[in-house]
Amino acid sequence: MSRIKLGVGLLTCSLLLSSCQLGGERSDYQHAHISGPTGSGWYPLSTLFSDIWLDEIDELQVTVVEGGAIGNIREVNTARDVQSGFAFASDFIDALNGRGAFEGEPQENVRALGAFYPTMWNFAVLENSPYESLDDVLLHGADAINGNPGDASEATFRRVFEAMGYDHVVLEEEHDVGISYGGYGDAANQLRDGLIDLTVQGGGPGVPALTEVDAMRPLRLLEIPDEALEALEEGGYGYSTDLSIPAGTYSNQTEDVNTVASWAMMVVNKDMNEDLVYEMTKQIWEHVDRVQDEQPSRGAWFDPEMAVSVIDDPEENFHPGALRYYEEVGAFERGSES
């Protein structure tokens, strides 16, 4: 009988974990992992990791439950119900520093296990719109949906324009940029129907909701100016600023488009058993061929050196069990800059 239980709703913590008490304390080997919604890219990757762990780590039992980027970090930080989860590196850095969606609430109990692949931020408009650059958004005004409040897409939208010198107040009051909130599917439908002019969504590199729109009404991606990319890099927000959305991602896209990317990563609670985190990390990388076979678009990015280097200050921000593995395989050296 399989030891993995796949959650089909949001956390039902007391029911899922009521059996995970040994001597009055939950054992780390009764492990709950929080992912994305079942339709997200994170969920099948989480179940794949869980299968690997179950096959290779004695005694381990795993429950995978649905979640979302910001909430996952909060849940892992408390460790009341889950011990590991997926997040974005940019949100992880915000969480450690108590800024962005975590303003005034630093999440002091989360650590990195590793970063895996980039999510590239698509600033999309319809091809027949007057917008050919983000400067045109300022020039003409625009109605935009940039995600839900506190989402990584909302933070990226805000930070990109701030890096260009325009905060939300200036955008709305001086440049007639109307900012609304909503999920990817709703935003894509409104873009298709001409109800909004711009949406910001993350993908690897394309976004399924935008690809569906593009099949009916071709899209144009707006490039982030070099000066803004430099400012974002200097801001230490955890973005990668040297990646582009490749030509051909959408039907009429003939050139690469410069953007920022947030790396998908795994966070664990800092108090997790060091040997267990070491084994979880080791088994992912020793079975990376399986990841690349079953999740090729994401697995193609998997590299242990990159897993460490895209996270600021690994000695401080990684769980010691994970860092021990990366040191053993030569992906990280203490005292070196990453």
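Data block above holds the structure.
One structure accompanies this document, and this report is about it. (Residues numbered from 1 in each chain as written. Predicted model: local features only at pLDDT ≥ 70, side-chain atom pairs only at ≥ 80, totals over all residues. Heavy atoms only, no water.)

Details of the pairing of strand 6 (residues 84-88)
Along strand 6, 5 of the 5 residues are buried, which leaves the element largely enclosed by surrounding structure. Here strand 6 shows two buried faces, one formed by Ser84, Phe86 and Phe88 and the other by Gly85 and Ala87. Relative to strand 6, strand 4 (residues 30-34) runs parallel, the two being bridged by 2 bridges. When the sheet's bridge partners are listed, Ile34 is paired in strand 6 with Gly85. The sheet contact formed by strand 6 and strand 14 (residues 261-269) spans 5 bridges and is antiparallel. Within strand 14, the position partnered with Phe88 by the bridge is Ala264. (Buried < 20%, exposed > 50% of the residue type's maximum accessible area, 1.4 Å probe, protein only. Helix = DSSP H or I, 4+ residues; strand = E, 2+ residues; numbered from the N terminus. Pairing = 2+ DSSP bridges.)

Some details on the pattern of salt bridges
Pairs can form between side chains of opposite charge once their charged atoms are near each other. On inspection of all chains with the given rule, the structure shows 13 salt bridges. Here Arg192 ties to Asp193 by a salt bridge, and the two come within 2.9 Å at their closest N and O atoms. In this structure Asp193 comes out as partly exposed when scored by relative accessible area, which is 45%. Of the charged contacts in the structure, one is a salt bridge between Arg334 and Glu315, with a shortest N-O distance of 3.7 Å. Linking Arg334 in the segment after helix 16 (320-328) with Glu315 in helix 15 (residues 314-317), this pair joins segments that are 19 residues apart in sequence. Judged by its relative accessible area of 38%, Glu315 is partly exposed. (Salt bridge = Lys/Arg side-chain N within 4 Å of Asp/Glu carboxyl O.)

Comments concerning the packing of aromatic side chains
Under the counting rule described, the total for this entry stands at 18 aromatic pairs. Ring geometry for Phe49 versus Phe116: centroids 5.4 Å apart, planes at 65°, classification edge-to-face. Of the two residues, Phe49 sits in helix 2 (residues 42-56) while Phe116 sits in strand 7 (residues 110-126), which places them 67 residues apart along the sequence. Taking the relative accessible area as the measure of exposure, Phe49 reaches 0% and is therefore buried. Residue classification places Phe116 among the buried residues on the basis of a relative accessible area of 0%. (Phe/Tyr/Trp six-rings, centres within 6.5 Å; stacked < 30°, edge-to-face > 60°.)

Observations concerning the environment of Met266
Looking at the secondary structure, you find Met266 in strand 14. With near-sequence residues (within four places) excluded, Met266 lies in contact with His33, Phe49, Trp53, Ser84, Gly85, Arg111, Ala112, Leu113, Gly114, Phe116 and Ile284. (Contact = heavy atoms within 4.5 Å.)

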